[in-house]
Amino acid sequence: MALRTRNRRAGWSILAVMAATPGGIRVSLSIGSAPVRQFELTSPALCGSGRAADLRITDPGVAPLQLRLARDGDAIVAIAVASGVEVDGAALSVDEPTVVTGRALRLGPARLVVAPWDSAPTLDPARTESLARELMRDLLGHDHTVPPPELVIETGPAAGQRLALPAVGARVVIGRGETSWVVLDPDLSRSHAVVEHRADGVWLHDLDSKNGTRVNGVVAPSEPPGLVLADGAVIALGQTTIRFRDPAAGALGGATAMLVADTLTRRGLPVPAPELPPRWPIVVAAVVAIAAFAVVIAMLAAG
């Protein structure tokens with residue numbers, strides 16, 4: 001059924017299923033009192049805090065790769081890659097396949113319930129990243145203040161306007177008519193585009209507008225959910241450009257760096273120092289300053 005491979009240098013093992021059953025895995029995930037999020041993964045799927053994981057849970061108590069989920073007919077089999085996984089409150093032994101369909105799995109602060117899903121999902125890196133930001137917002141929201149994602153109009157007749165998307169489920173219709181967010185741009189349709197804060201990120205789709213909508217130069221579809229918005233995405237509609245900002249992206253990057261440092265420390269390996277900015281701008285500035293000083297001295301001597 002399976003082949004065990006061990007990476008002695010890294011100190012972890014992976015149990016690789018020889019024959020994977022076609023189909024996907026539907027995951028219902030919750031953290032504390034946050035809303036339950038449902039999404040689909042291909043089989044097999046890796047869960048952990050690292051960037052190699054299909055489902056990222058960025059918490060110090062979660063290993064970079066901690067759990068492997070695989071489809072076996074109408075069942076979902078879980079294999080703990082590292083210790084710390086629980087099933088129905090009991091610890092799951094490392095490298096021991098266990099059927100977990102419909103049972104409660106726990107990885108750090110996250111609770112997962114898995115079931116088979118018969119469509120063939122495609123893992124989109126942008127969607128995976130947006131889901132990680134939403135999980136980071138859940139993790140930090142209880143003890144820290146994480147500003148919500150927001151839309152900022154950078155150019156156009158309404159430049160300077162901004163709108164926050166504070167809660168999952170928020171839906172904003174952008175247009176020049178009586179919409180959720182009125183933008184007085186004559187090139188916009190009355191109802192031009194809609195932005196939705198979903199459980200797996202913030203999405204945008206066009207509302208069959210006259211002039212269309214683009215996200216980073218890509219035409220937005222008129223069918224929901226549309227395009228997922230990455231931090232810094234530029235939305236162009238009419239004469240207006242809107243920047244999407246998500247502060248959770250910065251928190252996610254900081255958490256990833258913290259997890260890497262924590263993993264290296266636990267393994268007795270040196271933690272690399274933060275990368276310093278390049279020196280050449282400083283050198284150039286110093287040379288210019290010295291040259292200017294020399295010119296001043298020469299002018300004083302000539303006078």
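Definitions and cut-offs
Residues numbered from 1 in each chain as written. Predicted model: local features only at pLDDT ≥ 70, side-chain atom pairs only at ≥ 80, totals over all residues. Heavy atoms only, no water. Helix = DSSP H or I, 4+ residues; strand = E, 2+ residues; numbered from the N terminus. Buried < 20%, exposed > 50% of the residue type's maximum accessible area, 1.4 Å probe, protein only. Pairing = 2+ DSSP bridges. pLDDT = per-residue confidence, 0-100. Contact = heavy atoms within 4.5 Å.

**Some thoughts on unusual backbone geometry**
In this model, S43 is joined to P44 through a cis peptide bond whose omega is 0°. You can see P44 is positioned in the loop between β4 (37-42) and β5 (45-48). You will see that D88, though not glycine, has its phi angle at about 50°, which is positive. On the basis of relative accessibility, which here comes to 48%, the residue D88 falls in the partly exposed class. Phi angles above zero are rare outside glycine, and D208 is one such case at about 55°. Following the sequence through the fold, D208 ends up in the loop between β19 (201-206) and β20 (214-215). Here D208 falls in the exposed class, since its relative accessible area comes to 65%.

**A closer look at the pairing of strand β16 (residues 171-175)**
Along β16, four of the five residues are buried, which leaves the element largely enclosed by surrounding structure. Pairing of β16 with strand β18 (residues 193-198), which is carried by four bridges, proceeds in the antiparallel orientation. The residue of β18 that forms the bridge with V173 is V194. Pairing of β16 with strand β17 (residues 181-182), which is carried by two bridges, proceeds in the parallel orientation. Within β17, the residue paired with G175 across the bridge is V182.

**Structural notes on the confidence of the model for the protein**
Close reading of the predicted structure is inappropriate where its pLDDT is low. The share of residues in the protein with pLDDT of 70 or more is 65%, and the mean pLDDT across the chain is 75. Here residues 1-21 scores under 50 on pLDDT; set against residues more than four positions off or in separate chains, the count is 37 contacts. Overall, residues 274-280 carries pLDDT values under 50, and its contacts beyond four positions in sequence, including any with other chains, amount to zero contacts.

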